[in-house]
Amino acid sequence: LPRGMILGTLISFSISFWLVIAASCNAPGLTPEFAAQLFPLQHGYGRSLHMARRLCAFISLLPLLSSGIGFMWGCGYQVMALARSGLMPTLCTKTFGTNETPYVNLCVSALLQYVVCVWMWAMAP
């Protein structure tokens, strides 16, 4: 296994562990206003780690970025596999470098995820 994959897995595991801790530190019976906050877990991080709210908001961005990159990476390789089997356009088989990074698929999946995020934000009440 590549060292980067092992390190990424360990980082995701540790962030997920702290996410469970932060979620369990929030008070039960949360109000809808509290759940609708931009960073609702920062209160749990602040209570469990005794940190300032701005730092807790920054820490809560790490799981978000980690999951976004994971979805982009997985989507890129899945679309490349579909293109190599003939189910997608041949443009999706283009890779870069010795690691065969599917750069076209990564760009398309990142753009698609961004469009979906903006659309969900615009449709929110």
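Everything quoted here is computed from the prediction, not taken from an experiment.

The next point concerns the overall build of the protein chain. A count of helical and extended segments in the protein chain gives five helices and zero strands. A burial count over the protein chain gives 17% of its 125 residues as buried. Sequence separation of at least 24 residues holds for 29% of the intrachain contacts in the protein chain that already meet a minimum separation of 6. For the protein chain, the computed accessible surface area is about 9400 Å², with 73% contributed by carbon and sulfur atoms.

Using a probe with the size of a water molecule, rolled over the atoms, empty space left in the structure can be pinpointed. Here the second largest pocket is characterised by a volume of approximately 360 Å³. Of all the elements, helix H1 (residues 3–25) adds the most residues to the lining of the second largest pocket, at seven residues. Residue composition of the lining of the second largest pocket, by class: seven nonpolar, six polar and no charged.

Turning next to helix H5 (residues 103–123). If you check H5, its first and last C-alpha atoms are 30 Å apart, about what 21 residues at 1.5 Å a residue would give, namely 30 Å. Residues of H5 that are buried include every one of Val 104, Asn 105 and Ser 109, and no others. Each buried residue of H5 sits inside an arc of 120° when the element is viewed along its axis, so together they form one side. Seen from the open side of H5, the exposed residues pointing more than 90 degrees away from its buried face are Cys 107, Leu 111, Tyr 114, Cys 117, Trp 121 and Ala 122.

All right, on to the pattern of salt bridges then. Counted under the stated rule, the structure contains one salt bridge. One salt bridge connects Arg 84 with Glu 100, and the closest N-O pair in it is separated by 3.4 Å. With Arg 84 in helix H4 (residues 53–84) and Glu 100 in the loop between H4 and H5, the pair connects residues that are 16 residues apart, well separated along the chain. For Glu 100, a relative accessible area of 39% puts it in the partly exposed group.

To continue, consider the side chain of Asn 105. Mapped onto the elements of the fold, Asn 105 is located in helix H5. Of the polar contacts made by the side chain of Asn 105, one reaches the backbone oxygen of Gly 76; its length is 3.1 Å.

With that settled, the discussion passes to the confidence of the model for the protein chain. Looking at the protein chain, pLDDT values average 77 and 78% of them are 70 or higher. Of all the helices and strands in the protein chain, helix H2 (residues 32–35) carries the lowest mean pLDDT, 63, while H5 carries the highest, 84.

About the criteria used
- Residues numbered from 1 in each chain as written.
- Predicted model: local features only at pLDDT ≥ 70, side-chain atom pairs only at ≥ 80, totals over all residues.
- Heavy atoms only, no water.
- Helix = DSSP H or I, 4+ residues; strand = E, 2+ residues; numbered from the N terminus.
- Buried < 20%, exposed > 50% of the residue type's maximum accessible area, 1.4 Å probe, protein only.
- Contact = heavy atoms within 4.5 Å.
- Areas by Shrake-Rupley, 256 points an atom, 1.4 Å probe, with all protein chains shown as cover.
- 1 Å grid on protein atoms, 1.4 Å probe; cavity = no way out; pocket = protein on both sides within 12 Å on 5 of 7 lines; lining within 4 Å.
- Points joined across faces, edges and corners; volume = space filled by probe spheres on them.
- Nonpolar A, V, L, I, M, F, W, Y, C, P; charged D, E, K, R; others polar.
- Expected span 1.5 Å × (residues − 1).
- Arc of directions from axis to C-beta.
- Salt bridge = Lys/Arg side-chain N within 4 Å of Asp/Glu carboxyl O.
- Polar contact = N/O pair within 3.5 Å; in protein donor to acceptor, adjacent residues only side chain to side chain.
- pLDDT = per-residue confidence, 0-100.

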